[in-house]
Amino acid sequence: MRTNLLRTAAATALALLLAGCAGSADSAVRPDPARTTASTPASTAASTEPLGGAGSKIASVKGARITIYRDRQGAAQRTITSPNDYGATRVFLVERDEGDWLQVLLPIRPNGSKGWIKAADVTLAETSHRVEIDRGAFRFTVYDGDRPVRTGKVATGEAGTPTPPGRYFFTELVRPTGDGGAYGAYAFGLSGFSPVLKSFAGGPGQLAIHGTNKPSAIGTRASHGCVRVSNDDITWMAKNLAIGTPVVVKG
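Quick look at the structure, then.

**As for the packing of aromatic side chains**
This structure, assessed with the given rule, holds two aromatic pairs. With centroids separated by 5.2 Å and ring planes inclined at 85°, the aromatic side chains of Y69 and W101 adopt a geometry described as edge-to-face. Here the residue Y69 occupies a position in strand β4 (residues 65-69), and W101 occupies one in strand β7 (residues 101-105), the gap between them amounting to 32 residues. Of the two residues, Y69 and W101, both sit in the buried class. Ring plane angle 15° and centroid distance 4.0 Å describe the contact between F170 and F188, whose orientation is recorded as stacked. A residue pair is termed long-range when its members are at least 10 positions apart, and F170 in strand β14 (residues 166-174) and F188 in strand β15 (residues 187-193) qualify at 18 residues. Here the guanidinium or amino end of R72 rests over the ring plane of W116, the centre of that ring lying 5.1 Å away. Above the ring of Y143, the side-chain terminus of R130 is found at 4.4 Å from the ring centroid.

**Some thoughts on the pairing of strand β10 (residues 129-134)**
The buried fraction of β10 is high, at five of six residues. Strand direction decides the pairing type here: β10 and strand β11 (residues 139-144), joined by six bridges, are antiparallel. In the strand pairing of β11, I133 is matched with F140. Counting the residues that bridge the hairpin from β10 to β11 gives four residues, and of these F138 lies at a positive phi of roughly 50°.

**Quick look at helix α2 (residues 231-240)**
Every buried residue of α2 is listed here: D233, I234, T235, M237 and A238. On its buried face, α2 sits against β11, β12 (147-153), β14, β15 and β16 (206-210).

**Considering unusual backbone geometry**
Note that the residue after S82, namely P83, is joined by a cis bond; omega there is 0°. In this structure, P83 sits in the loop between β5 (76-81) and β6 (91-98). With an omega of -5°, the peptide bond between R109 and P110 qualifies as cis. Within the secondary structure, P110 sits in the loop between β7 and β8 (114-118). Although it is not a glycine, F138 sits at a positive phi angle of roughly 50°.

**Description of the environment of Y86**
Relative to the helices and strands, Y86 is located in the loop between β5 and β6. The exposure class of Y86 is buried, given its relative accessible area of 7%. When the C-alpha atoms of Y86 and L173 are compared, they prove to be 9.0 Å apart, with 87 residues separating the residues in sequence.

**Description of the pairing of strand β19 (residues 246-250)**
Burial of β19 is extensive: four of the five residues sit out of reach of the surface. Two elements, β10 and β19, share four bridges in a ladder whose sense is parallel. In the sheet register, D134 faces β19, and the bridge partner there is K250. One ladder, built from four bridges, connects β14 with β19; its direction is antiparallel.

**Side note on the side chain of S191**
Counting through the fold element by element, S191 comes out in strand β15. Reaching out from S191, the side chain makes a polar contact with the backbone nitrogen of F169 at a distance of 3.0 Å. Ignoring sequence-local partners within four residues, the contact set of S191 consists of L105, L106, P107, I108, Y168, F169 and T171.

**A look at the pattern of salt bridges**
According to the stated counting rule, one finds eight salt bridges in the structure shown. The closest approach of N and O atoms between R72 and E98, which form a salt bridge, is 2.1 Å. On the criterion of sequence distance, the pair formed by R72 in the loop between β4 and β5 and E98 in strand β6 is long-range, its members being 26 residues apart. R72 sits in the partly exposed class, given a relative accessible area of 41%.

Analysis parameters
Residues numbered from 1 in each chain as written. Predicted model: local features only at pLDDT ≥ 70, side-chain atom pairs only at ≥ 80, totals over all residues. Heavy atoms only, no water. Phe/Tyr/Trp six-rings, centres within 6.5 Å; stacked < 30°, edge-to-face > 60°. Helix = DSSP H or I, 4+ residues; strand = E, 2+ residues; numbered from the N terminus. Buried < 20%, exposed > 50% of the residue type's maximum accessible area, 1.4 Å probe, protein only. Lys NZ or Arg CZ within 6 Å of the ring centre and 35° of its normal. Pairing = 2+ DSSP bridges. Contact = heavy atoms within 4.5 Å. Polar contact = N/O pair within 3.5 Å; in protein donor to acceptor, adjacent residues only side chain to side chain. Salt bridge = Lys/Arg side-chain N within 4 Å of Asp/Glu carboxyl O.

Encoded structure:
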């Protein structure tokens, strides 16, 4: 049985989700029907090596909240609720699988934060996809394992509001109504945040990858930290990539 990890956000979420992006969030969002992705159930075999490369595990929270631990000895660090603030089922990118315990990448500040969760509290699925953003070349590449399956140009953050390098994952998918305005056809929230903007337009400065109504800006530094791609590219991503897909920003 396939695990569908693609979820959409609530209609009130766009202003908060795109709080690290250029422009004002004046476009409404409509729920987009969940799509089947290429994700498959993850193996239950334990691995003590960091995950990545050809496949990544995605942990989807079963209940209304989950406890994050500092270590496998059970030192509780925080509680995170599900669904998230945008109406999407809470997921984490698994960095290390040790059977009963999973080390996961957390969607909190500072970027790159990790914690431990109990495997019994989540459902695991696996994706072979990952997205790489090359800031210097203004280009993205989507890989299926080691095979590139789509590439295109991007716009990144301006000098004063840069797109921070790091390892992230998709946290939700929203679909603006109408022509989408500054955010184009779709927007994927990222687990990372602007290093400069602690808040923006009422939100926490969360990063995103989204479409645009100004394709001429693609290939330049133009945003408050988000990554802009063409509407054709973001539509392809929305149809083919799961929530939880790893995103690596380089350069």
